[in-house]
Amino acid sequence: MDEAVGDRVGMLCDQLSRWPELATMIRDGGGQAQLEELLTLLADRSAYDERRISALMDAIEDACARQGLPGLTRRLPPLPPGMGTAQRTTGHGEPAGWTCPLDYCSRVVLPEETPSPPTCAAARGEHTQMRPYRPRLR
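Structure report, in brief. Note that the structure is predicted; figures quoted are calculated from it, not measured.

## Quick notes on the overall build of the protein
Then step 1. Within the protein, the secondary structure is distributed over four helices and three strands.
Then step 2. Going residue by residue from the N terminus, the α and β elements of the protein occur as α-α-α-α-β-β-β.
Then step 3. Counting only residues that meet the buried cut, the protein has 36% of its 138 residues in that class.
Then step 4. Taking contacts inside the protein between residues at least 6 apart in sequence as the whole, the part at least 24 apart equals 59%.
Then step 5. Surface accessibility of the protein: about 8,500 Å² in total, with carbon and sulfur atoms responsible for 52%.

In structure tokens form, the structure reads like this:
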């Protein structure tokens, strides 16, 4: 997936996982069908269509804007190299964070944000928890 589209999917997934009422706001803004289609496309790897995913993200963002949430799926530009959080190392096999179980987005959740694995709003069935990330130590 294109990095920019993956970032947008990650941001939406993060917000839907943290704030389930966001789905209601999207519905009230006229984006229910687009949200359902997007989640279906993301859950079904055989139906992957990046252009359609991007168009659906635009429609969902428009629905959010109508509800007073402009720019919901747009992130600020990344920090320059060397800025931000230092690379975490873990001692006893604990994850340094969690990542998308579908490998679609760039979402990362750190242990400081939640003590247990968060969920992925796009994942279906038994694979809704995000995948642990353990950096390789050299």
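## Details of the environment of Tyr 48
Then step 1. Locating Tyr 48 in the fold gives a position in the loop between helix 3 (32-43) and helix 4 (50-66).
Then step 2. When its relative accessible area of 31% is taken as the criterion, Tyr 48 is described as partly exposed.
Then step 3. The sequence separation of Tyr 48 and Leu 38 amounts to 10 residues, and the corresponding C-alpha distance is 10.0 Å.
Then step 4. For Tyr 48, the residues in contact, after removing those within four places along its chain, are Met 1, Asp 2, Ile 53 and Tyr 104.

## Here's the deal with the side chain of Arg 8
Then step 1. With respect to the helices, strands and loops of the structure, Arg 8 is situated in helix 1 (residues 3-18).
Then step 2. Taking the relative accessible area as the measure of exposure, Arg 8 reaches 8% and is therefore buried.
Then step 3. At 3.4 Å, the side chain of Arg 8 forms a polar contact with the backbone oxygen of Met 57.

## Some details on the nonpolar core
Then step 1. Within the largest apolar cluster, 30 residues are counted, with the highest numbers of intra-cluster contacts made by Leu 12, Ile 26, Leu 38, Leu 42, Ile 53 and Leu 102.
Then step 2. Only helix 1, helix 2 (22-28), helix 3 and helix 4 provide two or more residues apiece to this core.
Then step 3. Broken down by element, this core gets its largest block of residues, six residues, from helix 4.
Then step 4. Apart from the residues within four sequence positions on either side, Ile 53 is in contact with Met 1, Val 5, Val 9, Leu 38, Leu 41, Leu 42 and Tyr 48.

## Points about helix 1
Then step 1. An ideal rise of 1.5 Å per residue puts 22 Å on 16 residues; helix 1 measures up with 22 Å between its terminal C-alpha atoms.
Then step 2. Inspection of helix 1 places Val 5, Gly 6, Arg 8, Val 9, Gly 10, Met 11, Leu 12, Cys 13, Asp 14, Gln 15 and Leu 16 among the buried residues, and these make up the whole buried set.
Then step 3. The secondary structure elements touched by the buried residues of helix 1 are helix 2, helix 3 and helix 4.

## With respect to the pattern of salt bridges
Then step 1. Per the stated rule, a full pass over the model turns up six salt bridges.
Then step 2. As a salt-bridge pair, Arg 52 and Glu 37 come within 2.8 Å of each other at their nearest N and O atoms. With Arg 52 in helix 4 and Glu 37 in helix 3, this pair connects stretches of sequence that are 15 residues apart.
Then step 3. Looking at Arg 52, the relative accessible area reads 35%, which means it is partly exposed.
Then step 4. A single salt-bridge network, built from bridges that share partners, covers Arg 8, Asp 58 and Glu 61.

Rules of the game
- Residues numbered from 1 in each chain as written.
- Predicted model: local features only at pLDDT ≥ 70, side-chain atom pairs only at ≥ 80, totals over all residues.
- Heavy atoms only, no water.
- Helix = DSSP H or I, 4+ residues; strand = E, 2+ residues; numbered from the N terminus.
- Buried < 20%, exposed > 50% of the residue type's maximum accessible area, 1.4 Å probe, protein only.
- Contact = heavy atoms within 4.5 Å.
- Areas by Shrake-Rupley, 256 points an atom, 1.4 Å probe, with all protein chains shown as cover.
- Polar contact = N/O pair within 3.5 Å; in protein donor to acceptor, adjacent residues only side chain to side chain.
- Core = buried A, V, L, I, M, F, W, Y, C linked by side-chain atoms within 4.5 Å.
- Expected span 1.5 Å × (residues − 1).
- Salt bridge = Lys/Arg side-chain N within 4 Å of Asp/Glu carboxyl O.

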